[in-house]
Amino acid sequence: MKIDYRDLGARIKRKREGKRMSQAELASRADLSTQHISNVENARSKIGLEKLVAIADALECSVDELLCGSMKTGSRSVYSDEIADILEDFSNTEMKTLPDLLRHYNYIFKMLKSDIKNDLERGDQ
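Residues numbered from 1 in each chain as written. Predicted model: local features only at pLDDT ≥ 70, side-chain atom pairs only at ≥ 80, totals over all residues. Heavy atoms only, no water.

Peer 1: Tell me what's going on with the overall build of the protein, and back it up with residues and numbers.
Peer 2: Regarding its fold elements, the protein presents 7 helices and 0 strands. Counting across all 125 residues of the protein, residues that qualify as buried make up 26%. Counted over contacts in the protein with a minimum sequence separation of 6, partners at least 24 positions apart contribute 53%. For the protein, the exposed surface amounts to about 9,200 Å²; the carbon and sulfur share of it is 51%. (Helix = DSSP H or I, 4+ residues; strand = E, 2+ residues; numbered from the N terminus. Buried < 20%, exposed > 50% of the residue type's maximum accessible area, 1.4 Å probe, protein only. Contact = heavy atoms within 4.5 Å. Areas by Shrake-Rupley, 256 points an atom, 1.4 Å probe, with all protein chains shown as cover.)

Next comes the structure, spelled out in structure tokens:
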């Protein structure tokens, strides 16, 4: 499996910012340097398993949650948790419009997926 380090770094950053934590605070909690956290978040450095576990512990999340974007088939519960975190910041008005938005997104996604499949079958690229 190839790890998407750009996606991994973005997930770490999103999780850190969601907890209103600075890079320095995350580095301190994970016993790493602030520069290393910056390099990982910006995909300038690859990260080993032990350091990834330390970061996940410091962010109070699972390693799966940080890696799921790199997996071919992500765990649905990981995505559900991430969506729940995002929804916490939504206003009542935003929450009210979300079901319609998701229905439209689902319809458009299926249409695009069908169009892409048809293009591939015809040899268009």
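Peer 1: Describe helix α2 (residues 23–30), with residues and values.
Peer 2: Listed in full, the buried residues belonging to α2 are Leu-26, Ala-27 and Ala-30. Along α2, the residues classed as buried sweep out an arc of 100° about the axis, all on the same side. Against α1 (5–18), α3 (34–41) and α4 (49–58) lie the buried residues of α2. Trailing α2 by a residue or two, Asp-31 shows a phi angle of about 60°, which is positive. (Arc of directions from axis to C-beta.)

Peer 1: Go over the pattern of salt bridges with me, naming the residues and quoting the values.
Peer 2: Applying the stated rule across the entire model yields 7 salt bridges. Taking the shortest distance from any N to any O, the salt bridge between Arg-11 and Asp-7 comes out at 3.3 Å. You can see Arg-11 and its partner Asp-7 sitting in helix α1, 4 residues apart, about one turn around the helix. With a closest N to O distance of 3.1 Å, Asp-85 and Lys-15 form a salt bridge. (Salt bridge = Lys/Arg side-chain N within 4 Å of Asp/Glu carboxyl O.)

Honestly, it's all geometry; don't read function into it.
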